[in-house]
Amino acid sequence: MFGRPLLRFVRKDTQINFMRGRYMGLIVSAVLSIASIILFFHPGLTLGLDFRGGIVVEAKTSGPADFAKLRSALAAQHISHASLQAFGAPDDVLIRLDAGDDQNTDAVVDTVRRAVTEAQPGTTILRADAVGASVSAELFRNGMLALGLSLAMILVYIWFRFEWEFALSAVITLVLDLTKTMGFLVITGFEFDLVMVAAILTILGYSTNDKVVVYDRVRENLRKYRTMPLIDLINLSINETLNRTLGTSSTVFLAALPLALWGGATLSGFAWTMLFGIVVGTSSSIFIAAPLLLFMGEGRLKRGAKAGPAPAQQKS
Amino acid sequence: MYYSRLKLASVLGVCLLGLLLCLPNGMRKPFPSIPWRQIHLGLDLRGGSYLLMQVDLKSLTHDRLQTLAENTRDTLLKSQLGYQNINVDADKNTVSFQPRDAAEADTDVATLDKLPRVVPNEFSVKKQDDGTIALVLSADAIKARAREAVTQSIEIVRRRIDGTGAVDPEITRQGDDRIVVELPGISDPERIKALLGTTAKMTFRLVDSNPLHATYPPPGVSLVPMANPAEGGPLPVFDHVDVDGTDLTNAGAVIDQQTGEWAVSFSFDSVGTRAFSSVTQTNVGKRFAIVLDNKVIEAPVIRTPITGGNGQITGGFDAQKATDLALMLRAGALPAPLSVVEQRSIGPSLGADSIRAGILSLGVGFLLVVVFMVLFYGRFGWYADIALLANLVLMVAILSLFEATLTLPGMAGMLLTLGMAVDANILINERIREEVARGRTPLAAMQTGFERATSTIVDSNATAFLAHVMLFVFGTGPVRGFALTITIGIATTLFTTLLLSRMLMARWYARPRPASLPV
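Residue positions within a chain follow its written sequence, with the count starting from 1. Lettering for chains starts from A, numbering for ligands starts from 1, and both go in the order in which the items are written. Per-residue local features of the predicted model are confined to residues with pLDDT of at least 70, and side-chain atom pairs are confined, for both listing and counting, to 80 or more; whole-chain, interface and lining totals are unaffected and use all residues. Remark: hydrogens and water are excluded; side-chain values derive from all non-hydrogen atoms of the structure.

Caption draft 1: How the structure looks around the sheet that holds strand E3 (residues 83–86) of chain A. Note: two strands are recorded as paired if DSSP finds a minimum of 2 bridges between them. Numbering of helices and strands runs from the N terminus, with a helix taken as a DSSP run of H or I at least four residues long and a strand as a DSSP run of E at least two residues long. Read from one edge of the open sheet, eight strands run E3(A)-E4(A)-E2(A)-E5(A)-E18(B)-E2(B)-E8(B)-E7(B), paired in antiparallel fashion. The sheet is open, and its two borders are formed by E3 of chain A together with strand E7 (170–174) of chain B, each paired with just one other strand. Strand after strand, the sheet turns through a mean of 20° between neighbouring axes, direction not considered. Two strands pair when backbone bridges link them, and strand E2 (residues 54–60) of chain A and strand E5 (residues 124–131) of chain A are joined in this way by seven bridges, in the antiparallel orientation. Paired with Ala59 of chain A across the strands is Ile125 of chain A, a residue of E5 of chain A. Here helix H4 (residues 105–119) of chain A sits on the sheet and contacts E2, strand E4 (92–98) and E5 of chain A together with strand E18 (338–346) of chain B; the angle it forms with E5 of chain A, its principal contact strand, is near 160°. Comment: axis = line fitted to C-alpha atoms, over the contacting stretch for helices; angle = value between 0 and 180 degrees taken between N-to-C directions. Note on contacts: a residue pair is in contact if any heavy atoms of the two residues lie within 4.5 Å.

Structure (structure tokens):
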């Protein structure tokens, strides 16, 4: 166990012609992203409590939940438009209510709590949340601001470290990744809330990281092989970094997997989205970011030492 | 490739220090005098309630305008200047009136300009185009008053919550007009909300005995509803406050000796005592209303002058209500009403489940990554695993040092950091492999591997760092915990991979000087 590695993903002299599939990759990606955008507008994301406002009460009833009884208990308190839903075990109930124009969501949540415990004595309230309409609008604005600013800062950073062709193709790829993640959220019905914004930002960070590694190698090879056609050079760079790309995505995947399986209601949606994002982010580095760089950089990217003014290049 | 003993010792020292800093989380404080910092569990892990409360600043301005209108009326009357239609406009923050005679307008302005101001330049007095005279509150004064009101509210909220015996409450300001109240262990915050939702402004005012005024109150008299509607309709009460609740020094819940009902007894300070005795001396036989938040609790008839500065309120209370009212009177009145705009309560059982789920995921995830690294990278994989363990220790150490709050998303952040942390090791190892494949000697391969990988490692971590700083700045609640752990995790990752695991590899190489590397 102390000695040499037992496994590896690909042999060291692997030469897969990834760029042969460049049109295919872009077309598949475009189709998936367009489908995701359509899904985004119709039926649209399921907004979580953070962004929608309203109340959520999670209760564990004594014995199996009696939905008819709970419903009539709520109706007696003039709460008629609540949605009751079983989740997990038969004694787990989830009660939701939209904020609407009602300003006193916090008073409503107390009423619901009381109605439920009175209807089925011995019920424990696991969670009772209320978010007012003004706060949810604010949380949404802040979430989107964080997302937008992160994208912008990633763009600026790559711009500084690489040439603009790299930065632009990376950000286009990131936007495509983002749309697919949205599509994933619509299809799975995972709630879009602040925790999900955190997941998306982590995916963006991870995906950028992956692209930076491939681009780093492209830049290095541009200086090393002055005459190699760009398409072969990008292929070479992807193949050289393939073991690392697969290795790192595997470890992040392995780290997030237990969270998806046992993380509980709060985190499993977050973790599944992360897992999806890792797969998308890894494949997009190879099939989207690289071809985009090829199209944008053909005949334009600087080669060799004579045309390498960027001080960053001396370091690597 | 060469690391001096000093460098080696300092890196190991940092790791040991980290281990030491982790200790407080797992054991009790052995001696009372040593610093003992530990990670706090977030409300989602230990159960409890989070309340985001908004201070109603509009009502604050409105209150001040009302007082200003009253002062205007009194001053003009005293100076024998006539006026019509005193009007409070809360949207424009003005009090305006029509002077009796346009010729008197300048005298009106000069007189009113001498009214006392709470802060310099609080308001200005102006003649307006339509002939009215307006007192306009300045924006700065409103802002200053709001800031002061929030600070004051926090103090009073703290006193009220402390009075309930809640353990470790956290009360903090958020933004300009919000207060965050965190109550560990209290998963049903209804009583606390009731306590905080009452401003508890108490005033003692005379009741207008003219029966006609009960239906058509003249200026200076308002109809105030009874707290208990069963006791009758609204009472005409003079706006003038004879004694203010702020002059109370103490209050307590007691059982009334004669009726056996719960009551709240109170005592005044010297100012209150003097005011109370002078009012009760000159108004024997009249009704004296005790008004709490614009509702009459009771309005007893003054039978004899009360000069001792003590009194009792009986308003049909039960034990809880009497205790809470006494608590609020002791803690003082809130300057403005507070409303709950966000509430999250988590029961203790859910919190315990979350801790279990988090620790299980963290353990399994850590193990999977460790095994992966050994299978794919052999000896250098073990070194990466040691660095990973050090990484976890340092993360916990820094979180303890900051006495940070660990939330469930924070645990997820730790786990993801561990997944990402080995990236740096993978980059180094793959690079060394390539260099070996190109036919370099082991020493040269390791050296180039370290060098080339470093810039990539810094680049990739910098982007992740930027994304999570944004999340920390704009996120709220548990998401901030997530961003914080990842940001700390990036720093510890750079330390453990660029220093520790590299050092381990270099030290190993220095001993056997192997002819080939285990890559």
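Caption draft 2: Expanded view of the sheet that holds strand E14 (residues 262–268) of chain B. All names here are of chain B. Taken together, three strands build an open sheet; the order of strands is E13-E14-E17 and the sheet is antiparallel. If you trace the sheet from one side to the other, it starts and ends with strand E13 (248–255) and strand E17 (310–317), each paired once. Going across the sheet, the axis of each strand differs from the next one's by a mean of 25°, ignoring polarity. Alignment of E14 against E17, held across five bridges, turns out to be antiparallel. Within E17, the position partnered with Trp262 by the bridge is Phe317. Together, E13, E14 and E17 form the strand contacts of helix H8 (residues 319–331), whose direction differs from that of E13 by roughly 170°.

Caption draft 3: Region of the structure containing the UniProt feature "transmembrane region" (unreviewed entry) in chain A. Residue and element names in this part refer to chain A. UniProt positions are given in the numbering used here, feature names are shortened, and annotations may be inferred rather than shown by experiment. Here, the residues flagged by UniProt with the feature "transmembrane region" (unreviewed entry) are residues 21–41, 139–160, 194–214 and 271–296. As annotated, residues 139–160 comprises 100% helix and 0% strand, and the C-alpha atoms at either end are separated by 31 Å. Summarising residues 271–296: 100% helix, 0% strand, and an end-to-end C-alpha distance of 34 Å.

Caption draft 4: Here's a closer look at the UniProt feature "domain: Protein export membrane protein SecD/SecF C-terminal" (unreviewed entry) in chain A. Mapped onto this numbering, the UniProt entry gives "domain: Protein export membrane protein SecD/SecF C-terminal" (unreviewed entry) at residues 114–298 of chain A. Annotated as residues 114–298 of chain A, this span is 85% helix and 5% strand, and its ends, taken at the C-alpha atoms, are 68 Å apart.

Caption draft 5: Summary view of the confidence of the model for chain A. Residues and elements named next belong to chain A. Scored by pLDDT, chain A has a mean of 86; 94% of the residues are at 70 or more. Residue-level confidence of the predictor is summarised by pLDDT, bounded by 0 at the bottom and 100 at the top. Helix H10 (residues 312–315) is the least confidently modelled element of chain A, averaging 41 in pLDDT, while helix H6 (residues 164–188) averages 93, the highest of any element. Scored below 50 in pLDDT, residues 306–316 makes 12 contacts in the model with residues more than four places away or belonging to other chains.

Caption draft 6: Region of the structure containing a nonpolar patch on the surface. All names here are of chain A. Where nonpolar side chains cluster on the molecular surface, the patch consists of Tyr23, Ile27, Val31 and Phe295 and spans about 410 Å² of accessible area. If you tally residues by element for the nonpolar patch, the top one is helix H1 (residues 22–44), at three residues. Assignment of secondary structure puts Phe295 in helix H9 (residues 264–297). By relative accessible area, Phe295 is classed as partly exposed at 39%. Nonpolar side chains (Val, Leu, Ile, Met, Phe, Trp, Tyr) within 5 Å and like charges within 9 Å form the patches, drawn only from residues with over 30% relative accessible area and no salt bridge. Residue-level accessible areas treat just the shown protein chains as cover; the underlying method is Shrake-Rupley with a 1.4 Å probe. The salt bridge criterion pairs a side-chain nitrogen of Lys or Arg with a carboxyl oxygen of Asp or Glu, the two atoms within 4 Å. Buried residues are those whose accessible area, probed at 1.4 Å on protein chains only, stays under 20% of the maximum for their type, while exposed residues exceed 50% and partly exposed ones sit between those limits.

Caption draft 7: Highlighting helix H1 (residues 5–22) of chain B. Residues and elements named next belong to chain B. Helices are assigned an expected span. That span is 1.5 Å times one less than the residue count. Given a rise of 1.5 Å per residue, 18 residues ought to cover 26 Å, and the 26 Å separating the end C-alpha atoms of H1 matches this to within 8%. Along H1, the residues classified as buried are Leu8, Val11, Cys15, Gly18 and Cys22. Seen end-on, H1 carries its buried residues on one side only, within an arc spanning 90°. For H1, exposure combined with an orientation more than 90 degrees from the buried face picks out Arg5, Leu6, Leu16 and Leu20. The arc under discussion is defined with respect to the helix axis, by the directions toward the C-beta atoms.

Caption draft 8: Quick look at the interface of chain B and chain A. Between chain B and chain A, the contact holds 71 residues from the first and 76 residues from the second. Summed over both partners, the accessible area (1.4 Å probe) lost when two parts come together is defined as the buried area. Together, the buried faces of chain B and chain A total about 6700 Å²; carbon and sulfur atoms form 62% of this surface. The partner of Lys193 of chain B in a salt bridge is Asp110 of chain A, and the shortest N-O contact between them spans 2.6 Å. Polar contact is defined as a pair of N or O atoms within 3.5 Å, subject to the rule that within protein one atom must be able to donate a hydrogen and the other to accept it, and that residues adjacent in sequence are counted only when both atoms are side-chain atoms. Where chain B meets chain A, there are 24 residue pairs in polar contact (both at pLDDT 80 or more). For the side of chain B that touches chain A, the elements supplying multiple residues, two or more each, are helix H6 (190–196), E18, helix H9 (348–401), helix H10 (408–437), helix H11 (442–474) and helix H12 (478–510) of chain B. Tallying contributions element by element places H9 of chain B first for the side of chain B that touches chain A, with 18 residues. Split by residue class, the side of chain B that touches chain A holds 40 nonpolar, 16 polar and 15 charged. Pairing between E5 of chain A and E18 of chain B: five bridges, direction antiparallel. Bridging across to E18 of chain B, Arg127 of chain A finds its partner in Ile346 of chain B. Here the term charged refers only to Asp, Glu, Lys and Arg, the term nonpolar to Ala, Val, Leu, Ile, Met, Phe, Trp, Tyr, Cys and Pro, and the term polar to all other amino acids, Gly among them.

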